[in-house]
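Here's the letter readout for the chains.
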Amino acid sequence: MSTPDQRARDKDRDAAIKTVEAAWADGQIVEADRDKRVAEIGHAQTLGEIQMLVHDLQPPAPTPYSAPIPAPVLLPEEPASPPAPVPAAPTPAASPYPAVDYGPPAPHPKSHPGSGSTKKVSKGVFLVPLVVVAVVGFGIVAGIVAIVHAISDNVSNGGSVFGGEPVDVLSVEGYDDLLAAVRDETGSTEAFSAVLYPTYAVVELPVDKTTQHEDYWYWDGHDLSSEDVKSSSSYERTDLSTVDGQVVVDLVQKVRRKMSDESTWYAIVRAPDESGAAVWVYASNEYGDSVYLGAKADGTITYDSTKH
């Protein structure tokens, strides 16, 4: 029988990651939560740690069963009744006038509706509109591509989709803005966790004052909106304001320096664990390499993945 303190194997981690991916595809969790759980499963050491990360996820809803439509039952046909006799047409009376032979019918001329002409329409008449449509269509597609590239470049540089003020959530000002938005929404800065990316954040906020029930909220640097994804948190409540934004920024810079060619980085703020770590920062590259650090609220590092 497995116990919570039993060492986890690779196949245990793989199975847990599949559960998280299925929950994300099923709409139970948002993308940032999926990324966070997958990263933590990757360095889980015991079965108990893995169970803490997946215990609140439900299995995917089964595909509705559709019963086959039964084939219609054909009843034997009743014998057809004999047709009623058709009365013979009366014989027309003989005409007093002699018969006139008008000859074979003349062939009907082929023509377009509304036209008495039988000339074929030149292919050039159709080719010119097609060329015009093709040119216009190409211009529209080229314009859309240019707009997509412009939006992509702007978002990659920290801007919003339609321009405006660039967003930098992983900054002192960005973290303070997030705290202010949470305070305006709930009346406090209490949360189960906050996952901060460069241009957005996902915050797990309590739905009441006593239970572990939570709702996910999305912060885009300007507006805080509910994702309407509810669950029971596996973390304790914490006051996000007990962590200074400068500490988060410094830790992110440290973890990025430990990673070569980093492509993704983010931070998690939550209640302190047994080691006192209240901030976790991660960095990874396109090759799947990752580095993460755990630190106390004052920035003291308690865990460094490069040393374990």
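What you are looking at is a predicted structure, and each value in this text was computed from that prediction instead of being measured.

### Digging into the nonpolar core
So, point 1. Ranked by size, the top nonpolar core spans 34 residues in total, and within it Leu196, Leu240 and Val281 carry the most contacts.
So, point 2. Of all the elements in the fold, those that place two or more residues in this core are helix H5 (172-186), strand S2 (193-196), strand S3 (201-206), strand S4 (213-219), helix H6 (245-257), strand S7 (264-270), strand S8 (279-284) and strand S9 (290-295).
So, point 3. When neighbours within four sequence positions are excluded, Leu240 is seen to be in contact with Tyr175, Leu179, Thr189, Ala191, Ala194, Val203 and Val269.
So, point 4. Val30, Ala32, Val202 and Tyr292 belong to the second-largest nonpolar core, a separate cluster that totals 14 residues.

### Observations concerning the confidence of the model for the protein
So, point 1. Across the protein, pLDDT averages 75, with 65% of residues at or above 70.
So, point 2. Long-range and interchain partners of residues 131-136, a stretch whose pLDDT sits below 50, account for 0 contacts in this model, where long-range means more than four residues apart.
So, point 3. Long-range and interchain partners of residues 141-163, a stretch whose pLDDT sits below 50, account for 14 contacts in this model, where long-range means more than four residues apart.

### Some thoughts on the packing of helix H1 (residues 10-25) against helix H2 (residues 31-42)
So, point 1. As a packed pair, H1 and H2 sit with axes 10 Å apart at the nearest point and diverge in direction by 175°. With respect to each other, H1 and H2 are oriented roughly antiparallel. Across from Arg13, Ala16, Ile17, Val20, Glu21 and Trp24 in H1, the residues of H2 making contact are Glu31, Arg34, Arg37, Val38, Ile41 and Gly42.
So, point 2. For the contact of H1 with H2, the per-class residue count stands at 6 nonpolar, 1 polar and 5 charged.

### Looking at the sheet that holds S7
So, point 1. What the 8 strands build is an open sheet, ordered S5-S4-S3-S2-S7-S8-S9-S10; its pairing is antiparallel. Two strands in the sheet have a free side with no partner beyond their single neighbour: strand S5 (224-232) and strand S10 (301-304). Adjacent strand axes in the sheet meet at a mean angle of 20° when their direction is disregarded.
So, point 2. Summarising the sheet, S3 and S4 pair through 6 bridges and their orientation is antiparallel. Each residue of the ladder has a partner; that of Ala201, found in S4, is Trp219.
So, point 3. Of the strands in this sheet, S7, S8, S9 and S10 touch H6, which is tilted by about 35° from S8.

Conventions and cut-offs
- For every chain, the first residue of its written sequence is number 1, and the numbers climb from 1 along that sequence.
- Since the coordinates come from a predicted model, pLDDT governs what is reported: local features require at least 70, and pairs of side-chain atoms require 80 or more to be given and counted, while whole-chain, interface and lining totals use all residues.
- The side-chain numbers reported here are obtained from all heavy atoms of the structure, hydrogens and water having been left aside.
- Here, nonpolar core refers to any group of buried Ala, Val, Leu, Ile, Met, Phe, Trp, Tyr and Cys residues whose side-chain atoms link them within 4.5 Å.
- Relative accessibility decides the category of a residue: with a 1.4 Å probe and only protein chains considered, values under 20% of the type maximum give buried, values over 50% give exposed, and everything between is partly exposed.
- Here a helix means four or more residues in a row that DSSP labels H or I, a strand means two or more in a row labelled E, and each is numbered from the N terminus.
- Any pair of residues with heavy atoms lying within 4.5 Å of one another is described as a contacting pair.
- The predictor attaches a confidence to each residue, and that confidence, scored 0 to 100, is pLDDT.
- Note on definitions: angles span 0 to 180 degrees between N-to-C directions of axes, and those axes are lines fitted to C-alpha atoms, for helices only across the stretch in contact.
- Here roughly perpendicular refers to angles of 65 to 115 degrees, roughly parallel to angles under 35, roughly antiparallel to angles over 145, and oblique to all remaining angles.
- Charged residues are taken to be Asp, Glu, Lys and Arg, nonpolar residues to be Ala, Val, Leu, Ile, Met, Phe, Trp, Tyr, Cys and Pro, and polar residues to be all remaining types, Gly included.
- By this definition, two strands are paired if DSSP reports at least two bridges between them.

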